[in-house]
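# An overview of the molecular structure
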Amino acid sequence: MPATAAPKGIPFGAAIQSEHFEDTSYRDLFARECDLVLPMNELKFALVQPERGQFDFSRADRLLDFCRDNGKTARGTTFVWYSTNPAWVEAIEDPVELERALVDHIERVADHCKGRLTSWDVVNEVIAHEPEENGGPLRDTFWLRRLGPRHIPIAFVAASRADPKAKMVLNEYDLEFRGPRFDQRRAIALSIVRQLQDAGIRIDAAGLQAHLYAHQEIDVEALARFGADLKALGVGILTTELDVIDFQVPGGPEEIDRAAAKVVGDYLDGLLGGQRPETVITWGLTDRYNWVEDVMPRGDGQPCRPLPFDADLRPKAWYGDLRRRLAQG
Ligand code: G3I
């Protein structure tokens, strides 16, 4: 048993990328540190079914084989998302045909992965970015425009039928911070859960992505209440994509890591205050490879430091704190 693995506590996981898999020190880090490993992109619609009826599971299978060979559990992301869809799906105008394409995709992919994934992000980022300005609770996507809000229950029904043992998850970002916009987004998430339940459709958990802005305040009480409200509905919680976005934190690595420790600590206070999370997953494991650098780089030219290990694979202090708290859970 690796020294850092948590045998009894809350499982720790991280998202892995197949394009870096040849970097053995990267791969070994996942083998050593994680209880759960998930393919970051390899199960997204466009990668699995780039052309209609042509499925490519090679990248995902390689990663899932790695999980199996190393005794790790895994989870899947995602079926319904506004991004990373193949052109052929977005070109389908007819709702009946689009529904059939979605259900076929879910059945085929869920069936292929059956027994290897503990849960699926059935829908990802379906809540409006700014509900008040965006004119409704749901994000304006081609799924919504062509199928209406029922694209959410359609996906949950198809996925839970295709893999009855995997947990069905609503995955979402920006549920962690203080302010009216975040209150609205938490309320919308709860209402989606209730609507599915009222229709007799299985939803097992809400996934908090937890892309944490180091300059933004976590609403510890509201987050704990959100977890408790889900618990009262019989729905679990998990952290699916934790990392720290530091472009607004001045200073060098020490200041950045201190700010990261604060925001991660506050986040864990809120998360653990609501109900016991099923797992906590980071979106990558080392700063060597991260999406934040591409999308929200620092203005001062320093590399950003979003993940538990730095680019030289040295652990940050906040990672030790995180693992200690999970081990107690
Ligand atoms: O691997 C190819 C490479 O061969 C090619 O040369 C290059 C040129 O564009 O693209 C590379 O693929 C990129 C892939 O990431 C791997 O790095 C894709 O273009 C790029 O679109 C893809 O971005 C991913 C993004 O989701 C879109 O699917 C990011 O890695 C991934 O971190 C990001 O993850 C999302 C979550 O799914 C949802 N929550 C937010 C999170 C961050 O945006």
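Preceding this section is the structure that the text describes.
Now for a description of the structure that goes with this document. Quantities reported herein were computed from a predicted structural model and do not represent experimental measurements.

Bringing the overall build of the protein into the picture now. Looking only at helices and strands, one finds 12 helices and nine strands in the protein. In summary, the protein has a C-alpha radius of gyration of 19 Å against a globular reference of 20 Å for 329 residues, a match within 12%. In terms of overall dimensions, the protein has C-alpha extents of about 55 × 45 × 40 Å along its principal axes. A fraction of 79% describes how many contacts in the protein between residues 6 or more apart in sequence connect residues 24 or more apart. Counting every atom, the protein has about 13,400 Å² of accessible surface; 50% of that belongs to carbon and sulfur.

Residues in contact with the ligand amount to 14 residues; listed here are only the nearest, Glu19, Lys44, Thr84, Glu125 and Glu241. Asn41 places a polar side-chain atom, nitrogen or oxygen, 3.0 Å from an oxygen atom of the ligand. For the ligand, whose accessible area on its own is 790 Å², the fraction buried by protein is 49%. Residues belonging to the shell around the ligand are distributed by class as follows: four nonpolar, six polar and four charged.

Of the two faces of strand β2 (residues 36-39), the one lined by Leu36 and Leu38 and the one lined by Val37 and Pro39 are each fully buried. Direction of pairing for strand β1 (residues 12-16) relative to β2: parallel, over a ladder of four bridges. Counted as the bridge partner of Ile16 is Pro39 from β2. Between the parallel elements β1 and β2, the chain passes through helix α1 (residues 24-33) in a crossover that is right-handed.

Right, let's get into the environment of Gln248. Following the sequence through the fold, Gln248 ends up in the loop between β8 (236-245) and α10 (253-274). A relative accessible area of 46% means that Gln248 is categorised as partly exposed. Sequence-wise, Gln248 and Asp300 are 52 residues apart; in three dimensions their C-alpha atoms are separated by 9.9 Å.

One pass over the full model with this rule turns up 13 aromatic pairs. With a centroid separation of 4.9 Å and an interplanar angle of 70 degrees, the aromatic rings of Tyr26 and Phe30 are classed as edge-to-face. Within this pair, Tyr26 and its partner Phe30 are both found in helix α1, separated by four residues, close to a single helical turn. Comparing Tyr26 with Phe30, the two get one shared label, buried. With centroids separated by 5.9 Å and ring planes inclined at 10 degrees, the aromatic side chains of Phe55 and Phe57 adopt a geometry described as stacked. Of the residues examined, Phe57 reaches a relative accessible area of 9% and is grouped as buried. Over the ring of Phe21 we find Arg27; its NZ or CZ atom is 5.0 Å from the centre of that ring. Above the face of the Phe55 ring, Arg108 is positioned so that its terminal group lies 4.3 Å from the ring centre.

Let us now look at the pattern of salt bridges. Enumeration according to the criterion identifies 30 salt bridges in this entry. Where Asp204 meets Arg202, a salt bridge forms, and the shortest distance between an N and an O atom there is 2.5 Å. Bridged by salt links that share partners, the residues Arg178, Asp183, Arg186, Glu217, Asp219 and Glu221 form one connected network.

Conventions we followed
- Residues numbered from 1 in each chain as written.
- Predicted model: local features only at pLDDT ≥ 70, side-chain atom pairs only at ≥ 80, totals over all residues.
- Heavy atoms only, no water.
- Helix = DSSP H or I, 4+ residues; strand = E, 2+ residues; numbered from the N terminus.
- Rg over C-alpha atoms; globule rule 2.2 N^0.38 Å.
- Contact = heavy atoms within 4.5 Å.
- Areas by Shrake-Rupley, 256 points an atom, 1.4 Å probe, with all protein chains shown as cover.
- Near = heavy atom within 4 Å.
- Polar contact = N/O pair within 3.5 Å; in protein donor to acceptor, adjacent residues only side chain to side chain.
- Nonpolar A, V, L, I, M, F, W, Y, C, P; charged D, E, K, R; others polar.
- Buried < 20%, exposed > 50% of the residue type's maximum accessible area, 1.4 Å probe, protein only.
- Pairing = 2+ DSSP bridges.
- Right-handed = clockwise from strand over helix to strand, strands pointing away.
- Phe/Tyr/Trp six-rings, centres within 6.5 Å; stacked < 30°, edge-to-face > 60°.
- Lys NZ or Arg CZ within 6 Å of the ring centre and 35° of its normal.
- Salt bridge = Lys/Arg side-chain N within 4 Å of Asp/Glu carboxyl O.

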